[in-house]
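# Reading the structure
If you want the building blocks of each chain, they are given just below.
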Amino acid sequence: MRTGPIHRRLLAAASIAASLAAPVALPALAHEGHGHGDASKPVVAAAMPTMETASPDFELVAVVQGKSLLVTLDRFATNEPVTGATVEVGAGGEAVTASPVSGEEGIYRLDAAWLSKPGPHELTVSVTAADAADLLIGTLEIPATARPAEPEDGSGVSAILGQVRHDPGLMLGAVMVFLLGMLTAVVLTRRGRARTVAGAALFGLGLLLAGGAAFAHGGEDHSHGDEAKDGTPGAAAMPMAVTGAVEGPRRLPDGSLYVPKTSQRLLSVRTMVAKTQQAAQTVQLIGQVVADPNGGGHVQATQSGRIEPGEQGLPYVGQRVEAGQILATITPAVNVVDRSGIQQQIAMVEQELVIAESRVQRLRKLEGSVPQRDIEEAEANLNGLRKRRAALSPTLTTKEALRAPIAGVVTANNVKAGQVIEARDQVLFEIVDPSRLMVEAVAFDPRVANAIKAATATTADGTSLSLELLGSSLALRQQAIPLLFRIGNPPSGLGVGQPVRLVAQVQGTASGIVLPRHSVVRSAGGQPIVWQHESPQRFVARPVRTQPVDGNTVLVLAGIEPEARIVTDGAGLLNQVR
């Protein structure tokens with residue numbers, strides 16, 4: 001019979017299939033036990049044990065670092081560090097006094113034996129400061145040291161069979177391998193040697209499919225420490241340092257912020273307790289700084305000519321000048337035709353002047369024989385000719401001096417040495433007295449213009465200006481009423497044309513919580529928010545509705561409750577935490 005050759009073909013087919021599928025199937029079968037040679041073990045990071053507690057006077061955060069306990073002590077209302085205090089921590093019948101940390105404000109350190117004992121510890125902290133004393137109580141949970149889990153042994157036939165029984169992907173692959181093996185045996189027994197290679201290929205393909213299913217089973221992360229499913233580095237590529245709690249601020253899933261006390265120190269976070277107050281109703285206006293009509297001046301030329309510097313040179317922008325100071329001179333610019341005509345007139349006058357002088361001399365010699373009236377007429381004619389010559393001569397040589405009309409600072413210089421100007425409406429120099437400035441604003445509601453009682457203004461850099469309303473115009477400008485305010489004691493650096501934001505107080509009052517203007521920031525969606533100090537290391541964003549009180553404060557009409565702790569300094573930095 002042909003039993004021997006058939007068995008030999010089956011053995012050859014199995015050998016070929018095993019050689020084709022072994023590189024794929026064996027790693028798949030070993031997958032469940034994660035027997036990947038030298039793959040990095042996951043690093044377990046445990047947060048540093050922390051206790052938070054507070055009283056009406058103090059806020060305390062205690063953090064375990066090794067065998068030491070760091071105590072951070074702040075004022076409850078303002079979040080200011082408490083320095084120079086006596087801090088005594090009691091636990092398990094043992095009381096230890098903490099020592100101030102050098103170079104750190106409001107941070108104290110102590111060493112105690114119970115810090116190495118896992119489990120909950122009831123702490124009693126006695127705080128004695130210069131102006132207050134209090135007793136704070138809390139529980140500090142010290143967990144047991146965590147160890148990395150040891151990988152299970154994934155070798156052996158029993159482990160492989162258990163893997164197949166408990167993994168649907170491997171079970172499906174095994175069934176496919178069995179069916180394809182049976183098909184291969186049938187083909188080999190019928191077709192002979194010609195189908196041996198084809199059957200072996202089918203058998204190997206079955207193992208390959210099974211191995212692929214095993215690689216994809218369970219929805220596990222198969223990054224092997226290089227890359228996680230979401231594309232982020234795995235444990236081997238970027239291990240977590242076992243440093244305890246997160247050192248930097250971070251946003252929590254509920255949108256609040258976790259900010260450690262060390263970060264609050266760096267950000268200089270300060271708070272205040274919200275109190276309900278009454279404030280005047282206000283409106284916001286847009287304006288700009290203008291010069292006082294009596295504290296500003298323009299310098300213009302009355303004739304055409306060429307600019308020449310004065311004795312001190314041409315003034316530069318920002319230079320202070322005094323009233324009557326010569327800023328520049330103008331040499332008359334006369335063209336050839338006009339110069340020729342003027343010279344001709346001067347020559348004719350001089351000729352007539354010679355004749356008149358001769359006639360006067362001759363008449364004076366005949367005085368007594370000629371009428372006195374003729375002598376006086378000749379002398380009058382001579383004096384007139386002399387005045388005509390005096391008036392014509394300076395037109396070619398006399399220079400015009402350009403003088404400062406007021407004392408102030410040069411804000412515009414529109415000339416250069418040697419520049420030829422025309423006698424027209426051209427401003428050569430502009431001078432402004434910086435101590436006499438005003439603000440011009442516009443109001444679209446006539447009732448606002450008539451109801452303003454006081455006003456303040458704020459520049460782009462936050463400078464606050466005290467304003468006094470001088471009056472409003474009776475003529476509309478682009479359907480708005482111009483308003484004029486005088487600035488009391490203008491600060492240095494204020495420039496004409498600088499835009500400002502006005503807050504004008506009108507009749508009526510409103511109730512709310514008064515906060516510094518910089519405590520209100522904008523969320524990512526542009527909504528005004530404030531940061532509330534919810535707990536020692538947690539901050540919550542509160543949307544608010546506000547109205548300005550003046551250039552430095554705002555009135556919160558809705559969004560926060562009285563007695564809430566609101567961040568005043570550092571709110572802008574907290575808003576940048578992501």
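Residues numbered from 1 in each chain as written. Predicted model: local features only at pLDDT ≥ 70, side-chain atom pairs only at ≥ 80, totals over all residues. Heavy atoms only, no water.

A word on the overall build of the protein. Secondary structure assignment for the protein yields 10 helices and 32 strands. Buried residues in the protein amount to 37% of all 578 residues. Taking the contacts inside the protein whose residues are at least 6 apart along the sequence as the reference set, 69% of them involve residues at least 24 apart. Of the roughly 32700 Å² of accessible surface on the protein, 55% is carried by carbon and sulfur atoms. (Helix = DSSP H or I, 4+ residues; strand = E, 2+ residues; numbered from the N terminus. Buried < 20%, exposed > 50% of the residue type's maximum accessible area, 1.4 Å probe, protein only. Contact = heavy atoms within 4.5 Å. Areas by Shrake-Rupley, 256 points an atom, 1.4 Å probe, with all protein chains shown as cover.)

For the coordinates displayed, the defined rule picks out zero aromatic pairs. The ring centre of phenylalanine 76 lies 4.0 Å from the NZ or CZ of arginine 565, which sits over that ring. (Phe/Tyr/Trp six-rings, centres within 6.5 Å; stacked < 30°, edge-to-face > 60°. Lys NZ or Arg CZ within 6 Å of the ring centre and 35° of its normal.)

What follows deals with the sheet that holds strand β17 (residues 326-332). Sheet architecture is open: four strands sit in the order β18-β17-β15-β20, paired in antiparallel fashion. The outermost strands of the open sheet, each flanked by one partner alone, are β18 (400-403) and β20 (420-421). Sheet analysis places strand β15 (residues 305-309) next to β17, joined by five bridges and oriented antiparallel. Counted as the bridge partner of isoleucine 307 is isoleucine 330 from β17. (Pairing = 2+ DSSP bridges.)

A regular strand places its side chains so that they alternate between the two faces of the sheet. Here strand β14 (residues 296-299) shows one buried face, formed by Gly297 and Val299, and one open face, formed by Gly296 and His298. Sheet analysis places β14 next to strand β21 (residues 429-432), joined by four bridges and oriented antiparallel. Within β21, the position partnered with valine 299 by the bridge is phenylalanine 429.

Let us now look at the sheet that holds strand β1 (residues 50-54). If you walk across this open sheet you meet the five strands as β1-β2-β3-β7-β6, and the pairing is antiparallel. If you trace the sheet from one side to the other, it starts and ends with β1 and β6 (99-100), each paired once. Bridging between strand β3 (residues 68-75) and strand β7 (residues 107-111) involves five bridges; their strand directions are antiparallel. Following the sheet pairing, leucine 70 is matched in β7 by arginine 109.

It is worth spelling out the pattern of salt bridges at this point. Here the structure, examined in full by the defined rule, presents 15 salt bridges. Across the salt bridge formed by arginine 565 and glutamate 59, the nearest N and O atoms sit 2.8 Å from each other. Of this pair, arginine 565 sits in strand β32 (residues 565-569) while glutamate 59 is found in strand β2 (residues 58-65), placing the two residues 506 residues apart along the sequence. Each member of the pair, arginine 565 together with glutamate 59, is buried. Glutamate 468 is the salt-bridge partner of arginine 486, the closest N and O atoms lying 3.8 Å from each other. On the criterion of sequence distance, the pair formed by arginine 486 in strand β25 (residues 481-488) and glutamate 468 in strand β24 (residues 464-472) is long-range, its members being 18 residues apart. On the basis of relative accessibility, which here comes to 45%, the residue glutamate 468 falls in the partly exposed class. A network of salt bridges, in which partner residues are shared, links Glu59, Asp74, Lys261, Arg265 and Arg565. (Salt bridge = Lys/Arg side-chain N within 4 Å of Asp/Glu carboxyl O.)

Attention now goes to the side chain of glutamine 547. Within the secondary structure layout, glutamine 547 lies in strand β30 (residues 545-548). There is a polar contact of 3.3 Å between the side chain of glutamine 547 and the backbone oxygen of alanine 280. In contact with glutamine 547, other than residues within four places in its own chain, are Ala280, Gln281, Thr282, Ala510, Val554, Leu555 and Leu557. (Polar contact = N/O pair within 3.5 Å; in protein donor to acceptor, adjacent residues only side chain to side chain.)

The next point concerns helix α7 (residues 372-392). The terminal C-alpha atoms of α7 lie 31 Å apart, and with 21 residues this matches the ideal 30 Å at 1.5 Å per residue to within 8%. Where α7 is concerned, the buried positions are Ile375, Ala378, Leu382, Leu385 and Leu392. The buried residues of α7 occupy one face: seen down the axis, they fall within an arc of 125°. Structural note: α7 exposes Arg373, Lys387 and Ala391 on the side pointing more than 90 degrees away from its buried face. (Expected span 1.5 Å × (residues − 1). Arc of directions from axis to C-beta.)

Attention now moves to the pairing of strand β29 (residues 538-543). Sheet topology places strand β11 (residues 257-258) next to β29; two bridges connect them, and they run antiparallel. The residue of β29 that forms the bridge with tyrosine 258 is arginine 538. Across six bridges, strand β28 (residues 528-535) lies against β29 in antiparallel orientation. Counted as the bridge partner of valine 530 is arginine 542 from β29. Connecting β28 to the antiparallel partner β29 that follows it, the hairpin turn spans two residues.

A few words on the confidence of the model for the protein. Confidence in the prediction for the protein averages 78 pLDDT; 72% of positions are at 70 or higher. Note that pLDDT drops below 50 for residues 188-198; the model gives that stretch 13 contacts with residues more than four away or on any other chain. (pLDDT = per-residue confidence, 0-100.)

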